[in-house]
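Secondary and tertiary structure notes
Residues per chain, in single letters:
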Amino acid sequence: MSTEWQVIDALEVPALAALFADDPGRVARYSVDVAGLHFDWSKTHLTADALAAFEALAKAQGLAAKREALFAGAPVNVTEGRAAEHGAERGEGSEEAVARAAQLHARMRALIEAIEAGALGPVRHILHIGIGGSALGPDLLVDALGRDDARYEVAIVSNIDGCALEEAFARFDPEATLVVVASKTFTTTETLLNATSALQWLREGGVGDPHGRVIALTAAPDRAVEWGVDETRVLPFAESVGGRYSLWSSIGFPAALALGWEAFEELLDGAGEMDRHFQLAAFHENAPVLAAFADLFYTQVKRCATRAIFAYDERLRLLPSYLQQLEMESNGKGVTASGDRVTRPTAPITWGGVGTDAQHAVFQLLHQGTHLIPVEFVAVAEPGDALDEDHHRQLLLNCFAQGAALMQGRANPAEPARDYPGNRPSATILIDVLEPRTLGALIAFYEQRVFVNAVMLGINPFDQFGVELGKEMAKAAGAGGLDFDPSTTDLIARAFAPSLGDA
């Protein structure tokens, strides 16, 4: 164990109330404002000693140099031998990568303008088919920003369950629908099966050339052309852009089309502003770094196995799902970047929900349960509705009060069932107004936070081999070429031969 980790493991954990009592400037000291977002980490157990210890670890792990390598386009994805150039999509990267991204963005914009001009016929509906990062990002963007003024009706379908696709079919007119197929490799089983069914739906709906209604988003354009999409309707993105980091690339096409190109550019601008903050701000004033230090305090010092995120804004209801993939697929690793087994916890389990609904579902455990769970609140100062202002006022008051209650608690020795222990940590992100720029900055903040956590732990956040084994076994099962354990064999038999269950 390194000296830096020994110091971190030995950190004292003062009560939150004591930290505030001893430091009148604590709120300012552990808060950061950038790109229309206010980050408040004062209700966590971070202290000057903790910051010093984590900064020492950051120096030992070469965080500054690895951050520079990330934006320089160096092969930071060491297991796959390539760069991670999602930052270049928003203007922060090597000159070559930024120029390539700009060229591909221009290609996407030209296709959008052609669609708007009627080159592909009447379009009222967009059926976007993808999975994982090819679906979660566009879904979040359209749901958060397109509720009032989206120019097209959009459905994002990811699940191979036919019920998901049929729901979209029931809503849309095939003769006025564009089918968008998003797959980095253009080999994803779920996506291609759904896309094939969508072509059949178009054909049965009277569309004479179903492939002519398809847009492909991929890092493997040759495969898309081989599948039947005309090259003019293939929007490539760089192989060095990972799926869960790809909404800034052509994967964001449905959002750019539905919201308008100006909104998409503002999204990129906000993310670029956060990238510059991440590169230039000192560690103790750097939002992604400060957040990662708090994450590490709870996973490493307090051994917290989960972290909860609650969006106190209906427009951000998909944020917890988006972050589940970003954080757990990136940092849910059991080996270091050099291939050694890790000796410490890596990513916590990310989960969450929407306030105030979650208060009546899971907050009992947060306040009085036996698990210590760091909580993150995300709220928006300006309301997104035109109803009585008391709706939004009550929403925000509930958000802020939950953080206060988690920290303060309320002792009740006479009636233990009503005792709230308090001293439970939370962080709050308050967004001025939810718009493309601030949403872009928020998502980029989470991306860079993931990167800092990975560097500090010595793991690679840019591969995802853990998702492959089950998919490979499913394919083998379909081909009948794999012997399973008795339980799995029995389940397959029961599912595909129902009479067996009646025997």
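Bear in mind the structure is a predicted one, so any value in this text is a computation, not a measurement. (Residues numbered from 1 in each chain as written. Predicted model: local features only at pLDDT ≥ 70, side-chain atom pairs only at ≥ 80, totals over all residues. Heavy atoms only, no water.)

Right, let's talk about the overall build of the protein chain for a bit. Across its full length, the protein chain carries 20 helices and 11 strands. Scaling as 2.2 N^0.38, a compact globule of 503 residues should have a C-alpha radius of gyration of about 23 Å, and the protein chain matches this with 24 Å. Taking all 503 residues of the protein chain together, the buried fraction comes to 51%. For the protein chain, contacts bridging at least 24 residues in sequence account for 75% of all contacts bridging at least 6. Summed over its atoms, the accessible surface of the protein chain is roughly 21,900 Å², and 52% of this surface lies on carbon and sulfur atoms. (Helix = DSSP H or I, 4+ residues; strand = E, 2+ residues; numbered from the N terminus. Rg over C-alpha atoms; globule rule 2.2 N^0.38 Å. Buried < 20%, exposed > 50% of the residue type's maximum accessible area, 1.4 Å probe, protein only. Contact = heavy atoms within 4.5 Å. Areas by Shrake-Rupley, 256 points an atom, 1.4 Å probe, with all protein chains shown as cover.)

Scanning the entire structure with this criterion turns up 17 aromatic pairs. Connected via pairs of aromatic rings, a cluster forms that spans Phe71, Tyr245, Phe278, Phe451 and Phe462. Sitting above the plane of the Phe20 ring, Arg26 keeps its charged end 5.6 Å from the centroid. Lying over the aromatic face of Trp248, Arg90 brings its terminal NZ or CZ to 4.6 Å of the ring centre. (Phe/Tyr/Trp six-rings, centres within 6.5 Å; stacked < 30°, edge-to-face > 60°. Lys NZ or Arg CZ within 6 Å of the ring centre and 35° of its normal.)

Before going further, it helps to spend a moment on the sheet that holds strand E1 (residues 31-34). With mixed pairing, the 6 strands of this open sheet are ordered in space as E1-E2-E11-E10-E8-E9. The sheet terminates laterally at E1 and strand E9 (349-354), the two strands that pair on one side only. Taken pair by pair, the neighbouring strands of this sheet meet at an average axis angle of 15 degrees, ignoring direction. Across the face of the sheet, helix H14 (residues 319-331) comes into contact with strand E8 (306-312), E9 and strand E10 (375-380) while running at roughly 170 degrees to E9. Contacting E8, E10 and strand E11 (426-431), helix H16 (residues 390-408) runs over the sheet at an angle of about 160 degrees to E10. (Pairing = 2+ DSSP bridges. Axes fitted to C-alpha atoms, helices over the stretch in contact; angles between N-to-C directions.)

By the burial criterion, the buried members of helix H8 (residues 162-171) are Leu165, Ala168 and Phe169. Down the axis of H8, the buried side of the element spans an arc of 105 degrees, and every buried residue falls inside it. Across H8 from its buried face, at more than 90 degrees, point the exposed residues Cys163, Glu166, Glu167 and Ala170. In this fold, the buried residues of H8 make contact with strand E3 (125-129), strand E4 (153-157) and helix H9 (189-204). The opening residue of H8 is Asp161, an N-cap whose side-chain oxygen sits 3.0 Å from the backbone nitrogen of Cys163. (Arc of directions from axis to C-beta. Polar contact = N/O pair within 3.5 Å; in protein donor to acceptor, adjacent residues only side chain to side chain.)

Now for a nonpolar patch on the surface. Together, Leu469, Met473 and Leu482 give the surface a local cluster of nonpolar side chains, amounting to about 250 Å² of exposed area. According to the relative accessible area criterion, Met473 is partly exposed, its value standing at 33%. (Patch = residues over 30% accessible without salt bridge, like charges linked within 9 Å, V, L, I, M, F, W, Y side chains within 5 Å. Salt bridge = Lys/Arg side-chain N within 4 Å of Asp/Glu carboxyl O.)

Moving on, we get to the packing of helix H5 (residues 63-72) against helix H17 (residues 436-457). Remark: H5 packs on H17, axes separated minimally by 10 Å, with the N-to-C direction vectors making an angle of 130 degrees. Judged by the angle between their axes, H5 and H17 are oblique. Where H5 crosses over H17, the handedness of that crossing is right-handed. Across the interface between the two elements, Leu63, Lys66, Arg67, Leu70 and Phe71 from H5 touch Gln448, Phe451, Val452 and Val455 from H17. (Parallel < 35°, antiparallel > 145°, perpendicular 65-115°, else oblique. Left-handed = near helix turned anticlockwise from the far one by under 90°.)

Before going further, it helps to spend a moment on helix H18 (residues 468-479). With 12 residues, H18 ought to run about 16 Å at 1.5 Å a step, and its terminal C-alpha atoms sit 17 Å apart, in line with that. With 0 of 12 residues buried, H18 is to be regarded as a mostly surface element. (Expected span 1.5 Å × (residues − 1).)

What follows concerns a negative patch on the surface. A cluster of like negative charges, contributed by Glu262, Glu265, Glu266 and Asp269, occupies part of the molecular surface. In this fold, Glu262 is placed in helix H12 (residues 261-280). You can call Glu262 exposed: its relative accessible area is 58%. (Lys, Arg positive; Asp, Glu negative; His and termini not counted. Charge placed at Lys NZ, Arg CZ, Asp CG, Glu CD.)

Residue Thr356 follows Gly355 across a cis peptide bond; omega there is 10 degrees. By secondary structure assignment, the location of Thr356 is in the loop between E9 and helix H15 (363-368). In this structure, Arg303 is a non-glycine residue whose phi angle is positive, near 55 degrees. Structurally, Arg303 can be placed in the loop between helix H13 (287-301) and E8. Here the phi dihedral of Asn423 falls at roughly 60 degrees; this positive angle occurs in a residue that is not glycine.

Within the largest apolar cluster, 108 residues are counted, with the highest numbers of intra-cluster contacts made by Phe39, Phe253, Leu316, Ile429 and Leu439. Looking at which element gives the most residues to this core, the answer is H17, with 14 residues. For Phe39, the residues in contact, after removing those within four places along its chain, are Tyr30, Ser31, Val32, Val34, Met274, Ala287, Thr428, Ile429 and Phe445. With 23 residues, the next largest nonpolar core counts Leu165, Phe172, Val207 and Val229 among its residues. (Core = buried A, V, L, I, M, F, W, Y, C linked by side-chain atoms within 4.5 Å.)

Attention shifts here to the sheet that holds E3. Read across the sheet, 5 strands follow the order E4-E3-E5-E6-E7 without closing on themselves; strand pairing throughout is parallel. Each end of this open sheet is capped by a strand with a single partner; those strands are E4 and strand E7 (234-236). Averaged over all pairs of adjacent strands, the angle between strand axes in this sheet comes to 15 degrees, irrespective of strand direction. Strand direction decides the pairing type here: E3 and strand E5 (residues 177-182), joined by 5 bridges, are parallel. Residue pairing across strands places Ile126 opposite Leu178, the latter belonging to E5. Relative to E4, H8 is tilted by about 165 degrees, and along the sheet it contacts E3 and E4.

This brings us to the pairing of E9. Where E8 meets E9, 6 bridges bridge the pair, whose relative direction is parallel. Residue pairing across strands places Arg307 opposite Thr350, the latter belonging to E9. In this fold, the crossover linking E8 to E9 by way of H14 has right-handed handedness. (Right-handed = clockwise from strand over helix to strand, strands pointing away.)

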